[in-house]
Amino acid sequence: MSVFEKRWAVIGLLINALVWGVSWWPLRELHAAGFHPLWSTLLVFTPALVFAGLWYRSAWRGVLSCGGLWALALAAGATNVGFNWAVTTGDVIRVVLLFYTMPAWAVPLAWWLLGERPTTGALMRLVLAFVGVWLVLWEPGAGWPVPKDFADVLALCAGFLFALNNVLLRRTHARSSGERVLAMFFGGVLLNAVVACTGVGLGLLAWPEPDSVASPHWMWIAAGLSGALIAGNLALQFGASRLRSATTSIIMLSELLFASISSIALGAAVFQTRIGWGAAFIVTAAVLASLERAPKSAQA
């Protein structure tokens, strides 16, 4: 791979990180308009799926017939369920930090799915990352640190699933970019629809209020975020399929910067010293991952 292509791969990951780093704001606007995060995600991802489905019409056969692309679709969809729900209802900085335990999860996943055996350094990074999680979750006087609320649980699960998503992008690198993009949007719609409808059936979730649906305000927000996610997803699959999973992880940490600055500026998060130390451990683990040399068999 040429230096020019690597440079564009990095830029692609930064674009995706920016989109997701500020996506909490339109999601919260949709929530304020009366849409549960699951319905909001459907509003955003359905137009994106229609666009991708028409643009990559010939890719449908591959998506529906390839087990690896089905796995990618389900991982991407589950990631969106967890992250969008968490960032809409929880403290943005806490959610994004817990989500970015992704570099730690990538170590065992890359070993399992890609054959990249963990080194001593990789195992040490796991320890660093989970010390960071301990600091983020710990509340003075509350005993053993556990997730404070459902948003914390969702963020941790989404971090694991996002690591799986990135590893699967590399595993399916032989498939066309259209198939991978289509699979990810298909999974986003499918999983959110299944979870939302199941929630309605169990009485845990209500359909959107008629007044909310009739308001034109949400349409512009949903359309704008949908367009941004299409661009971000294209950028992600371009970059992540060309770089090592560890390199992808460290570049994508820029989402934390975008999310932190925007959420503090708009009052959607509160920075605490303890959270700062947790962030330092998690980010250090990710930085060390990016500095580790890849085994010859895994180098791009």
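If you're wondering where the values come from, they're calculated on a predicted model, not measured in any experiment.

Conventions adopted
- Residues numbered from 1 in each chain as written.
- Predicted model: local features only at pLDDT ≥ 70, side-chain atom pairs only at ≥ 80, totals over all residues.
- Heavy atoms only, no water.
- Helix = DSSP H or I, 4+ residues; strand = E, 2+ residues; numbered from the N terminus.
- Buried < 20%, exposed > 50% of the residue type's maximum accessible area, 1.4 Å probe, protein only.
- Contact = heavy atoms within 4.5 Å.
- Phe/Tyr/Trp six-rings, centres within 6.5 Å; stacked < 30°, edge-to-face > 60°.
- Core = buried A, V, L, I, M, F, W, Y, C linked by side-chain atoms within 4.5 Å.
- Polar contact = N/O pair within 3.5 Å; in protein donor to acceptor, adjacent residues only side chain to side chain.
- 1 Å grid on protein atoms, 1.4 Å probe; cavity = no way out; pocket = protein on both sides within 12 Å on 5 of 7 lines; lining within 4 Å.
- Points joined across faces, edges and corners; volume = space filled by probe spheres on them.
- Nonpolar A, V, L, I, M, F, W, Y, C, P; charged D, E, K, R; others polar.
- Salt bridge = Lys/Arg side-chain N within 4 Å of Asp/Glu carboxyl O.

Draft legend 1. Looking closely at the overall build of the protein. Looking only at helices and strands, the protein has 15 helices and zero strands in total. When the 300 residues of the protein are sorted by exposure, 53% land in the buried category. Contacts in the protein between residues far apart in sequence, at least 24 positions, make up 86% of those at least 6 positions apart.

Draft legend 2. Spatial organisation of the packing of aromatic side chains. Under the counting rule described, the total for this entry stands at ten aromatic pairs. Grouping aromatic residues by their ring pairs yields a cluster made of Trp20, Phe83, Phe99 and Phe162.

Draft legend 3. Spatial organisation of the environment of alanine 196. Residue position: alanine 196 is located in helix H10 (residues 177-201). Expressed as a C-alpha distance, the spacing of alanine 196 and valine 81, which sit 115 residues apart in the sequence, is 9.6 Å. Once you skip the residues sitting within four places of it in the chain, alanine 196 turns out to touch Leu38, Trp39 and Leu205.

Draft legend 4. Highlighting the nonpolar core. Of all hydrophobic cores here, the largest spans 83 residues; its most connected members are Phe83, Leu97, Phe185 and Leu236. Sort the elements by how many residues they give to this core and helix H9 (residues 150-171) lands first, with eleven residues. Not counting the four nearest positions on each side in its chain, phenylalanine 185 is found in contact with Phe45, Ala48, Leu49, Ala52, Leu229, Ile230 and Asn233.

Draft legend 5. Structural detail: the side chain of serine 23. Along the polypeptide, serine 23 turns up in the loop between helix H1 (3-22) and helix H2 (24-32). Polar side-chain contacts of serine 23 include one of 2.9 Å to the backbone oxygen of tryptophan 20. In contact with serine 23, other than residues within four places in its own chain, are Phe83 and Leu225.

Draft legend 6. Representation of empty space enclosed by the protein in the model. Applying the stated criterion across every chain yields a total of two cavities of 30 Å³ or more. Estimates place the volume of the largest cavity at around 220 Å³. Lining the largest cavity are 19 residues, with Trp20, Asn80, Phe162, Met184 and Leu236 positioned closest to its centre. For the lining of the largest cavity, the elements supplying multiple residues, two or more each, are H1, helix H5 (67-89), H9, H10 and helix H12 (217-240). Each residue belonging to the lining of the largest cavity can be placed in one class, and the counts come to twelve nonpolar, six polar and one charged. Quantified by volume, the second largest cavity comes out at close to 30 Å³. Every residue along the wall of the second largest cavity is listed here: Trp20, Ser23, Leu27, Thr41, Val44, Phe45, Asn84, Leu225 and Leu229. Elements with a contribution of two residues or more to the lining of the second largest cavity: helix H3 (37-55) and H12. Per element, the largest residue contribution to the lining of the second largest cavity is three residues, and it comes from H3.

Draft legend 7. Focus on the pattern of salt bridges. Counting across every chain of the model gives two salt bridges. Aspartate 152 is the salt-bridge partner of arginine 94, the closest N and O atoms lying 2.4 Å from each other. Of the two residues, arginine 94 is situated in helix H6 (residues 92-99) and aspartate 152 in helix H9; the sequence distance between them amounts to 58 residues. Like aspartate 152, arginine 94 is buried. Here arginine 175 ties to glutamate 179 by a salt bridge, and the two come within 3.1 Å at their closest N and O atoms. Since its relative accessible area comes to 29%, arginine 175 is described here as partly exposed.

Draft legend 8. Focus on the environment of alanine 59. With respect to the helices and strands, alanine 59 occurs in the loop between H3 and helix H4 (60-65). Residue alanine 59 is classed as buried on the basis of its relative accessible area of 5%. Measuring from C-alpha to C-alpha, the distance between alanine 59 and serine 176 comes to 8.0 Å, with 117 residues separating the pair along the chain. Not counting chain neighbours up to four residues away, the residues in contact with alanine 59 comprise Gly178, Glu179 and Leu182.

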